[in-house]
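Structural overview for review
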Amino acid sequence: MSNVPVNNGRRRFLTAATAVVGGVGVVGAAVPFIASWNPSARAKAAGAPVEVNIGKIQPGQLIRAEWRGKPVYVVRRTEKTVNDLAKHDDQLRDPNSEKAQQPVYATNAYRSIKPEFLVALGVCTHLGCAPTHHGGDFDQFVEGVPNGFFCPCHGSKFDMAGRVFQGVPAPLNLVVPDHSFTNDGTLLIGVAQGDA
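In this convention, every chain numbers its residues from 1, walking through the sequence in written order. Only residues with pLDDT of at least 70 are given local features in this predicted model, and only at 80 or more are side-chain atom pairs given and counted; all residues enter the totals for whole chains, interfaces and linings. Values shown for side chains rest on all heavy atoms present in the structure; no hydrogens or waters enter the calculation.

Now for the layout of surface pockets. Using a grid of 1 Å spacing that covers the protein atoms alone, one calls a set of points a cavity when a 1.4 Å probe fits there but cannot get out, and a pocket when the set is open and has protein on both sides within 12 Å along at least five of seven lines; lining residues are those with an atom within 4 Å of a point. Grid points are joined across faces, edges and corners, and a volume is the space filled by probe spheres set on the points. Its boundaries defined by the atoms lining it, the largest pocket holds a volume of some 170 Å³. What lines the largest pocket is a set of 13 residues, and nearest its centre among them are Thr-81, Asp-84, His-88, Val-145 and Pro-146. Residues are sorted three ways: Asp, Glu, Lys and Arg are charged, Ala, Val, Leu, Ile, Met, Phe, Trp, Tyr, Cys and Pro are nonpolar, and all the rest, Gly among them, are polar. The class makeup of the residues in the lining of the largest pocket is four nonpolar, five polar and four charged.

We now examine unusual backbone geometry. Positioned with a positive phi, Arg-68 is a non-glycine residue whose angle comes to about 55°. Categorising residues by exposure relies on relative accessible area from a 1.4 Å probe, with only protein chains included: less than 20% of the type maximum marks a residue as buried, more than 50% marks it as exposed, and the intermediate range marks it as partly exposed. With a relative accessible area of 46%, Arg-68 lands in the partly exposed category. Positive phi is not limited to glycine here, since Arg-111 has a value of about 55°. Runs of H or I in DSSP of at least four residues are treated as helices and runs of E of at least two as strands, each being numbered from the N terminus. Examined against the element boundaries, Arg-111 turns out to sit in the loop between helix H3 (79-84) and strand S4 (117-121).

What UniProt calls "domain: Rieske" (unreviewed entry) maps, in this numbering, to residues 83-188. The annotated region residues 83-188 carries 2% helix and 22% strand content, and the separation between its end C-alpha atoms amounts to 26 Å. UniProt positions are given in the numbering used here, feature names are shortened, and annotations may be inferred rather than shown by experiment.

Along the chain, the position of Asp-94 falls in the loop between H3 and S4. For the buried residue Asp-94, which engages in no salt bridge, the nearest side chain bearing the opposite charge is Lys-99, 5.5 Å off. If sequence neighbours within four positions are ignored, Asp-94 has contacts with Lys-99, Arg-163, Val-164 and Asn-173. Note that His is not counted, nor are the chain ends; the positive residues are Lys and Arg, and the negative ones are Asp and Glu. In what follows, salt bridge is the name for a side-chain nitrogen of Lys or Arg lying within 4 Å of a carboxyl oxygen of Asp or Glu. We call two residues in contact when some of their heavy atoms are within 4.5 Å.

Next up on the list: the pairing of S4. Counting buried residues in S4 gives five out of five residues, a clear majority hidden from the surface. Along S4, one buried face is formed by Phe-117, Val-119 and Leu-121 and the opposite face, lined by Leu-118 and Ala-120, is buried too. Sheet topology note: the strand S3 (residues 70-76)/S4 ladder contains five bridges and is antiparallel. Looking at the pairing, Val-72 lines up with Leu-121 of S4. At least two bridges found by DSSP between two strands are what make those strands a pair.

Hydrogen bonding along the main chain pairs the strands of a sheet, whether they run parallel or antiparallel. Taking strand neighbours across the sheet as the criterion, the three strands line up as S2-S3-S4 in an open arrangement whose pairing is antiparallel. The open sheet terminates on both sides in strands that have one partner only, identified here as strand S2 (62-67) and S4. Neighbour-to-neighbour, the strand axes of this sheet turn through a mean angle of 20°, independent of strand direction. Axes here refer to lines fitted to C-alpha atoms; in helices the fit is confined to the stretch in contact. Angles between the N-to-C directions go from 0 to 180 degrees.

In this sheet, strand S6 (residues 147-150) lies alongside strand S5 (residues 132-135) in antiparallel orientation, the contact comprising four bridges. Within S6, the residue paired with Thr-132 across the bridge is Phe-150. The pairing of S6 with strand S7 (residues 157-158) spans two bridges and is classified as antiparallel. Following the sheet pairing, Phe-149 is matched in S7 by Phe-158. From the end of S6 to the start of S7, which pair antiparallel, there are six residues, and Gly-155 there has a positive phi angle of about 85°.

Our focus in this paragraph is the nonpolar core. To qualify as a nonpolar core, a set must consist of buried Ala, Val, Leu, Ile, Met, Phe, Trp, Tyr and Cys residues joined through side-chain atoms within 4.5 Å. Val-75, Phe-149 and Phe-158 are the most contacted members of the largest nonpolar core, which has 17 residues in total. Elements that contribute at least two residues to this core include exactly S3 and S4. With sequence-adjacent residues up to four places away left out, Val-75 is seen in contact with Gln-61, Leu-62, Glu-116, Phe-117, Leu-118, Phe-149 and Met-160. One finds Ile-57, Ala-65, Val-74 and Val-119 within the second-largest nonpolar core, a separate group that totals 15 residues.

One open sheet accounts for three strands, arranged S1-S9-S8; its pairing is antiparallel. The open sheet is flanked by strand S1 (50-53) and strand S8 (179-183), the only strands paired with a single partner. In this sheet, adjacent strand axes meet at a mean angle of 30° when their direction is disregarded. Of the strand pairs in this sheet, S1 and strand S9 (residues 186-189) are connected by four bridges, and their pairing is antiparallel. Opposite Val-52, over in S9, you have Leu-187 as the bridge partner.

The following block contains the structure:
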């Protein structure tokens, strides 16, 4: 052993540097490990629930999400749109949603849990095309109905509850997937109300 005095400053520096490098290594190993807990893209496509932030959707606005490889339309309907839904029931093929195209909790006049939100697969029930949302100019397709969905491929028309009009190729209303609201600003698609 040498009789040279111990340099405590150097010792503290080496200890701190080793701790910092070790901490960075732990974080570097933990991040991919924790990320591996998230469902893969394949699992999401196979049906893992999808969380959608709906806190900033304005009345009348539509946002799109993807669940099981299909588009999901989430529309925040205005109060006027909700009130107008019953005005054209006589023009609809299945106004009371008697054919099972929605969960039991969404078998109502709005086909939804909350009247202001429509959650529906953006897939036409005729041949699987994607209907387009027409806010304010839908009356060019159905007189007296200002808002709805029009499928440009074969001319199917749906109201703002996803109900199909008579005299079009689509045989059924748009499908309403299982969904629930985890809070006022978050929609969970793929998990039924009460299961969340």
